[in-house]
Amino acid sequence: MEEAKESEVIMLLSKQSPYPFLEVPFHELQSFDPDFAEDLLREPSSILERGSHALKQICRERGEDLETVLRVSELPRDSRIALRDIGRVQVNTLCSVEVIVTKVSDIKPRIHRATFRCEACGELIEVIQKNERELKEPLSCPQASGGCGSSRRETRFELVLDTSGLVNNQWMEIQELPENIPSGGQPGRGMVLIEGDQVNKHLPGQRITANVIPVIHSEVKRGKKTPLFDIIYHMVSSEHESIPFNEISISDEDKEMIRSVSQRDDLFTLMKDSIAPAVFPTGRMPFVKRSLALQLFGGVARINPDRTRMRGDIHILLMGDPGVAKSQLLQYMSKISPRGKLASGGGVSGAGLTAAAVKDAFSDGRFALEAGILPLSDRGLAAIDEFDKISEDDRRTMHPAMEQQEIYIAKGGITATLPARCSILAAANPTKGRFTRHANRTRSVMYNFKETGLPVPLASRFDIIWLLRDEVRVEDDERIARHILDTRTLAVAETKIEEGMQLDPSSEQEDLVFATGVDNKEYLTINFLRKYIAFAKRHVHPDIDEKAQKKIRDFYRDARLAFDKDDLDSMNNNEEAVITITARALESLIRLTEAHARLHLRDIATEEDADLAIAIYKHWREETGIEDESELHSGVSAKSRRVSGSVRGMLREVCSEKGHAEIIDIYNLALPMNIPERMVDEVISKMLTSGELYSPREGRFSFVR
Ligand code: ADP
Ligand code: MG
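Source: prediction; values computed, not measured.

Student: Sorry if this is basic, but what is going on with the sheet that holds strand S27 (residues 700–703) here?
Tutor: Through backbone hydrogen bonds, the strands of a sheet pair up, either in parallel or in antiparallel fashion. An order of S25-S27-S26 is seen for the three strands of this open sheet, with the pairing classed as antiparallel. Of all strands in the sheet, those bounded by a partner on one side alone are strand S25 (661–662) and strand S26 (693–697). In the sheet, S25 pairs with S27 via two bridges, with the strands oriented antiparallel. Residue pairing in the sheet places Glu662 in a bridge with Arg700 of S27. Running over the sheet, helix H22 (residues 677–689) touches S26 and S27 and is turned about 100° from S26.

Student: I keep staring at the pattern of salt bridges and nothing clicks. Help me out?
Tutor: Tallying each qualifying case throughout the model produces 35 salt bridges. Note that Arg71 and Asp197 form a salt bridge whose closest N and O atoms lie 2.4 Å from each other. With Arg71 in strand S2 (residues 69–73) and Asp197 in the loop between strand S7 (189–195) and strand S8 (207–221), this residue pair connects regions lying 126 residues apart in the sequence. Since its relative accessible area comes to 22%, Asp197 is described here as partly exposed. For the salt bridge of Glu662 with Arg700, the shortest nitrogen-to-oxygen distance reads 2.7 Å. Of this pair, Glu662 sits in strand S25 while Arg700 sits in strand S27, and the two are 38 residues apart along the sequence. In this pair, the class of Glu662 matches that of Arg700, namely buried. One salt-bridge network, in which partners are shared between bridges, spans Arg311, Glu403, Asp463, Arg584, Glu587 and Arg591.

Student: How should the packing of aromatic side chains be read in this particular structure?
Tutor: Working definition: an aromatic ring pair is given by the centre-to-centre distance plus the angle between the planes. Summed over the entire model, instances satisfying the criterion amount to three aromatic pairs. Centre to centre, the rings of Phe387 and Phe462 are 5.8 Å apart; their planes meet at 85°, and the pair counts as edge-to-face. Taken together, the residues span a long stretch of sequence, with Phe387 in the loop between strand S16 (381–385) and helix H10 (392–403) and Phe462 in the loop between helix H11 (445–451) and strand S20 (464–468) at a distance of 75 residues. Residues Phe387 and Phe462 agree in their burial class; the two are buried. Relative to Tyr532, the ring of Phe528 lies with its centre 6.2 Å away and its plane at 70°, an arrangement referred to as edge-to-face. Taken as a pair, Phe528 and Tyr532 lie in helix H15 (residues 526–539) at a separation of four residues, close to a single helical turn. Summarising the burial analysis for this pair, Phe528 and Tyr532 share the class buried. Pairwise contacts between aromatic rings join Phe297, Phe528 and Tyr532 into one cluster. Sitting over the face of the ring of Phe703, Arg652 holds its NZ or CZ atom 4.3 Å from the ring centroid.

Student: Looking at this structure, I do not really get the sheet that holds strand S12 (residues 316–320). What am I missing?
Tutor: Taken in spatial order, the five strands of this open sheet run S13-S16-S19-S12-S20, and their pairing is parallel. The sheet is open, and its two edges are formed by strand S13 (340–344) and S20, each paired on a single side. Taking each pair of neighbouring strands and ignoring which way they run, the sheet shows an average axis angle of 15°. Across five bridges, S12 lies against S20 in parallel orientation. Bridging from a neighbouring strand, Met319 pairs with Leu467 of S20.

Student: How do you make sense of the nonpolar core when you look at a structure like this?
Tutor: For soluble globular proteins, nonpolar side chains are generally found buried alongside one another. Judged by nonpolar contacts, the single largest core of 99 residues is most densely connected at Met271, Leu317, Leu318, Leu374, Phe387, Met398 and Tyr532. Two domains each provide a minimum of three residues to this core, namely domain 3 (274–491) and domain 4 (543–634). In this structure, Met398 is in contact with Leu353, Leu374, Ile384, Phe387, Ile390, Ile424 and Leu458, ignoring residues within four places of it in sequence. Counting residues in hydrophobic clusters, the runner-up holds 22 residues, among them Phe26, Leu29, Leu55 and Ala368.

Student: Hey, could you run me through the side chain of Asp388 in this one?
Tutor: Locating Asp388 in the fold gives a position in the loop between S16 and H10. The residues contacting Asp388, other than those within four sequence positions of it, are Arg395, Ala427, Ala428, Asn429, Thr452 and Leu454.

Student: Can you walk me through the site of ligand 1 in this structure?
Tutor: Near ligand 1 lie 13 residues; those nearest to it are Phe280, Gly323, Lys326, Ser327 and Gln328. Contact between ligand 1 and Ser327: an oxygen atom at 2.6 Å from a side-chain N or O atom of the residue. Contacts to ligand 1 include Gln328, whose side-chain N or O atom sits 2.4 Å from an oxygen atom. Only helix H8 (326–336) and helix H12 (474–490) provide two or more residues apiece to the shell around ligand 1. Here the element with the most residues in the shell around ligand 1 is H8; it accounts for three residues.

Student: Even after reading the chapter, I still don't get the side chain of Asp463, so can you show me in this structure?
Tutor: Along the chain, Asp463 falls in the loop between H11 and S20. Exposure remark for Asp463: the relative accessible area of 1% places this residue in the buried category. Here the side chain of Asp463 touches Arg311 through a polar contact of 2.9 Å, side chain to side chain. Within polar-contact distance, the side chain of Asp463 engages the side chain of Arg591 at 2.9 Å.

Student: What's the story with the layout of surface pockets in this structure? I'm lost.
Tutor: In this approach a probe as big as a water molecule rolls over the atoms, and the regions it shows empty are the leftover space. Here the second largest pocket is characterised by a volume of approximately 1,400 Å³. Lining the second largest pocket are 41 residues, and of these Glu49, Val69, Arg110, His112 and Glu195 lie nearest its centre. Every element with two or more residues in the lining of the second largest pocket is listed here: helix H4 (44–61), S2, strand S4 (108–118), strand S6 (157–176), S7, S8 and strand S9 (224–240). In terms of residue count, H4 provides more of the lining of the second largest pocket than any other element does, seven residues in total. Grouping the amino acids of the lining of the second largest pocket by side-chain chemistry returns 18 nonpolar, 13 polar and 10 charged.

Student: Help me understand the pairing of strand S5 (residues 124–128), please; the structure alone is not making it clear to me.
Tutor: Looking along a regular strand, one sees the side chains alternate between the two faces of the sheet. The two faces of S5 differ: Ile125 and Val127 on one face are buried, but Leu124, Glu126 and Ile128 on the other face are not. The sheet contact formed by S4 and S5 spans five bridges and is antiparallel. Bridging from a neighbouring strand, Phe116 pairs with Ile125 of S5. Counting the residues that bridge the hairpin from S4 to S5 gives five residues, and of these Gly122 lies at a positive phi of roughly 85°.

Student: Would you mind going over the pairing of S2 with me for this structure?
Tutor: Within S2, four of the five residues are buried, leaving the element largely enclosed by the surrounding structure. Bridge count for strand S1 (residues 21–25) against S2 is five bridges, and the pairing is parallel. Bridge pairing in S2 places Val24 opposite Val72.

Student: Just checking my understanding: could you explain a nonpolar patch on the surface for this structure?
Tutor: Taken together, the side chains of Leu135, Leu159, Leu161 and Leu166 present a nonpolar region at the surface, about 340 Å² in accessible area. With respect to the secondary-structure elements, Leu161 resides in strand S6.

Student: When you look at unusual backbone geometry in this model, what are you seeing that I'm missing?
Tutor: Note on backbone geometry: most residues besides glycine have negative phi, and most peptide bonds are trans. Even without being a glycine, Asn92 presents a positive backbone phi close to 70°. Tracing the sequence through the fold places Asn92 in the loop between S2 and strand S3 (95–105).

Student: Just to check I follow, could you spell out the environment of Gln328 for this structure?
Tutor: Inspection of the secondary structure puts Gln328 in helix H8. Taking the C-alpha atoms as reference points, Gln328 and Asp385, separated by 57 residues in sequence, lie 9.9 Å from one another. Excluding residues that lie within four positions of it along the chain, Gln328 makes contacts with Ala278 and Val279.

Cut-offs applied
Counting of residues starts from 1 at the beginning of each chain's written sequence and follows it residue by residue. Written order determines the labels here, with chains lettered from A and ligands numbered from 1. Owing to the predicted nature of the model, reporting of local features is limited to residues with pLDDT of at least 70; listing and counting of side-chain atom pairs is limited to 80 or more, with chain, interface and lining totals taken over all residues. Note that water and hydrogens are dropped before the side-chain values are worked out from all heavy atoms of the structure. If DSSP finds at least two bridges between two strands, the strands pair. Only runs of H or I of at least four residues qualify as helices and only runs of E of at least two qualify as strands under DSSP, and these elements are numbered from the N terminus. It only takes one pair of heavy atoms within 4.5 Å for two residues to be counted as in contact. For helices, the fitted axis covers only the stretch in contact; all axes are lines through C-alpha atoms, and the angles between them, taken along N-to-C directions, range from 0 to 180 degrees. Any carboxyl oxygen of Asp or Glu that lies within 4 Å of a side-chain nitrogen of Lys or Arg is treated as forming a salt bridge with it. The cut-offs for exposure are 20% and 50% of the maximum accessible area for each residue type, with area from a 1.4 Å probe on protein chains only; residues under the lower value are buried, those over the upper are exposed, and the others partly exposed. Only Phe, Tyr and Trp rings are paired, with Trp represented by its six-membered ring, and only when their centres lie within 6.5 Å; those with planes under 30 degrees apart are stacked, over 60 edge-to-face, the remainder tilted. We count a charge as sitting over a ring when the NZ of a lysine or the CZ of an arginine lies within 6 Å of the ring centre and within 35 degrees of the ring normal. Side-chain atoms within 4.5 Å are what join buried Ala, Val, Leu, Ile, Met, Phe, Trp, Tyr and Cys residues into a set we call a nonpolar core. Segmentation into domains, and thus their bounds, comes from an automatic or database assignment. By convention in this text, a residue qualifies as near a molecule or strand provided that one of its non-hydrogen atoms is within 4 Å of it. We define a polar contact as two N or O atoms separated by no more than 3.5 Å, with the added condition that, inside protein, one atom must be a possible hydrogen donor and the other a possible acceptor, whereas residues neighbouring each other in sequence contribute only through side-chain atom pairs. Cavities and pockets are found on a 1 Å grid laid over the protein atoms alone: a cavity is a set of points where a 1.4 Å probe fits but cannot escape, a pocket is an open set with protein on both sides within 12 Å along at least five of seven lines, and a lining residue has an atom within 4 Å of such a point. Grid points are joined across faces, edges and corners, and a volume is the space filled by probe spheres set on the points. Charged means Asp, Glu, Lys or Arg here, nonpolar means Ala, Val, Leu, Ile, Met, Phe, Trp, Tyr, Cys or Pro, and polar covers whatever is left, Gly included. Think of a patch as exposed residues, more than 30% relative accessible area, with no salt bridge, where like charges cluster within 9 Å and nonpolar side chains (Val, Leu, Ile, Met, Phe, Trp, Tyr) cluster within 5 Å. Per-residue and other accessible areas were derived by the Shrake-Rupley procedure at a 1.4 Å probe size, with only the shown protein chains allowed to occlude residues.

Given below as structure tokens:
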């Protein structure tokens, strides 16, 4: 081995790192000496220790005194084991586990080589410290190496810190990957001890392959050791996941199928139908489902030359009356999205949605950083139900989490920035049970947004906000009813599945690509869809071509121009000019366009993609009555603000002449300005309620002085 690693050793010597180490991939050891490699898996501790020692020797021969460490990495696949299966047999062997990091403690230095001075004779004695829980003192001053031979009763040993070797040490909590857990099972967890150069390498929320040695520790209860043992893990080395969605394996056959499905003319419709097929698409629902399909794929995140990042993930908010299948959509989306997670805004325990610093998570008084839902769904989708009920803390961290997709935490002496590159699908209910119904449609989505009790600026972080109403429409109601009943008949009783009397219908679907719903509509199975999405997100990163860019630019310019023209009329009203559509909307359009191209596995987003993105965008804005972007920020539409300014101006003018104004005068003044009577009424009624105006008699108004 020494010859083979000559060049690495020289590198090691030249690096001057505080923790010099040599990492050898397992396959190199195996090709060099298969027996040795096998032994290493069985007795890693002693072999690695000897290896480190030999390495130290080699360095010393070259004139460098270094605390070198030897590591092995890239363990073979057959040493992989599920965390929950690790037990007696695996203790003290080398295992590799695929896990997600959930908590990381702060760092403490630990003595690994203690030097003691004998108070009787002054001799220095070195004691290697293997146990991380108690400090081991010498039993006596050893005569063999020139000491006085006094026992612990005859002398005292004083710890000499400056010649002792210290090493940083850290605890980490790991958990099995959610997708590897059999349904309903609890994920296996473990505590990992990390030392030396390996500390601070991982953040909560990261997915890693950890190569560890399970060791046992006697459980301590009320200060006494018990015959039961805890397993803790010593970290040998670790590998970051290099390919996104590594956990979803896609065979060549799958790839073939994905490619052929992607060629279908009706692909977007098929995708739409594959989103929660049990939810019957009435009213706005088909568009909602289309936008959800785009959300699954997302746009392309890009890094600017100045290191700033533009998010690619699409955030969607579903506001709606109770019982319009919001929760059901969220549940389904969290299932089809690779790394999807479902959480309820109200009942998230522990780290909540973002992250938390917890004290004493590893029972040694240290602070630890724990990842919440968003960092844990990094690169995936976080479906958050009851978004209106999220805690104050989460609300505050939600803005940056949605835009920068990072969670910055500074608590309990820990500061860290956790990546949270996930798209957010949120559902919110109105605080008063149902959204207020307005006679006219000038009240927009934003008015209803306020009814959820959420802060208005949060709205601007969503690319799309849908308002789903529980409206009574006889024809639709009947179709939904039939759909729900048909779905129920098709579904199999849970008890029958548990008792083995009938097959789980979802397991029958496991290897299928297509399935048919109750209405004989074809849709893609969850399993296939997950593979399709993972494949697209891994391999397709569309750029927007010139024509598509022009389409988006034109839409943007027209939307702004349309506003400017209107605006000229009201120039003399001292209304603050508001921009109809901001750069934020432009970014949303780009993301939707890229997502549509990615859904079709196209590397170039064309005009066609831009058209669809614009259509969906217009749909949620117009259909739901939203007029312009500024409304997203202030909650009042610019147009209605302008109108109310104009009407107020007319009232003042007339009143200053005659002392009062007749409604008919105002109607007449408003007519040439294109303000309908209904809007005049609305402004006046608002001014009456606010006490600005009073009405001495029917149809006549005066200002309150
Ligand atoms: P929400 O979260 O919006 O309050 P849920 O998702 O809990 O609503 O839905 C309530 C019930 O109504 C669910 O059982 C759902 O299946 C049913 N439901 C509502 N709308 C539809 C629809 N369009 N198609 C099928 N089922 C529906
Ligand atoms: Mg619900």
